[in-house]
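Working through the structure, step by step
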Amino acid sequence: MDGQGQPGGGSGGAGSDCDAVARAFVEYYYNTFDANRGALAALYGHTSMLSFEGHAVAGAEEIGRKLAQLPFDQCRHSICTVDCQPSPSLPGSILVFVSGNLQLAGEEHQLRFSQMFQLVPNEQGSFFVQNDIFRLNYG
């Protein structure tokens, strides 16, 4: 439910727009991550923040550096769920929660992960990633 007592997420009205944006973003983000991780820095802004397994960095340049320096060269993401909600405290922004599996090259077992993004409208009529939190799920 949203703050007005209405269902949120992927069911009609603004929820449908939210869902379409979230799914398009998720497809683009993980395809780009798997093919050309360095290109992801363009999705972030100077105020963006990333928390990757508890290590925080800020700003597009630092985030791009962090992603480029991850200790693996190749990986493949398999997305299981995508949930989203409009975020009325920042008009037009969207919270996106992703769960899935990550297959690293040369590894037998997949790793389960969760990731949360806050997408905020930019001046070009698109979105940038304001917040990004990534965690592997153990257990």
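Let me begin by describing the structure that accompanies this report. Owing to the predicted nature of the structure, the values given are computational and were not obtained by experimental measurement.

1. As for the pattern of salt bridges
Taken as a whole and judged by the stated rule, the model has three salt bridges. Between aspartate 19 and arginine 23 there is a salt bridge; the shortest N-O distance is 3.3 Å. With aspartate 19 and arginine 23 both in helix H1 (residues 13-36) and four residues apart, the pair spans about one turn of that helix. Here arginine 65 makes a salt bridge to glutamate 61, at a shortest N to O gap of 3.1 Å. Of the two residues, arginine 65 and glutamate 61 both sit in helix H2 (residues 60-68), four residues apart, roughly one turn of that helix. In this structure arginine 65 comes out as partly exposed when scored by relative accessible area, which is 34%. Salt bridges here are not isolated pairs; linked through shared partners, they connect Glu61, Glu62 and Arg65.

2. Let's talk about H2
Residues lying three or four places apart along an α-helix face the same way, a consequence of the helix completing one turn every 3.6 residues. Ala60, Ile63, Gly64 and Leu67 are the residues of H2 that are buried. The arc that holds every buried residue of H2, seen down its axis, measures 100°, which confines them to one face.

3. Thoughts on the packing of aromatic side chains
Taken as a whole and assessed by the stated rule, the structure comprises nine aromatic pairs. Judged by centre distance (4.9 Å) and plane angle (80°), the ring pair of tyrosine 29 and tyrosine 30 falls under edge-to-face. For the pair formed by tyrosine 29 and tyrosine 30, the shared burial category is buried. Between tyrosine 29 and phenylalanine 33, the ring centres sit 6.2 Å apart and the planes meet at 40°, which makes this aromatic pair tilted.

What counts as what
- Residues numbered from 1 in each chain as written.
- Predicted model: local features only at pLDDT ≥ 70, side-chain atom pairs only at ≥ 80, totals over all residues.
- Heavy atoms only, no water.
- Salt bridge = Lys/Arg side-chain N within 4 Å of Asp/Glu carboxyl O.
- Helix = DSSP H or I, 4+ residues; strand = E, 2+ residues; numbered from the N terminus.
- Buried < 20%, exposed > 50% of the residue type's maximum accessible area, 1.4 Å probe, protein only.
- Arc of directions from axis to C-beta.
- Phe/Tyr/Trp six-rings, centres within 6.5 Å; stacked < 30°, edge-to-face > 60°.

Taken by themselves, the reported measurements are silent on function.
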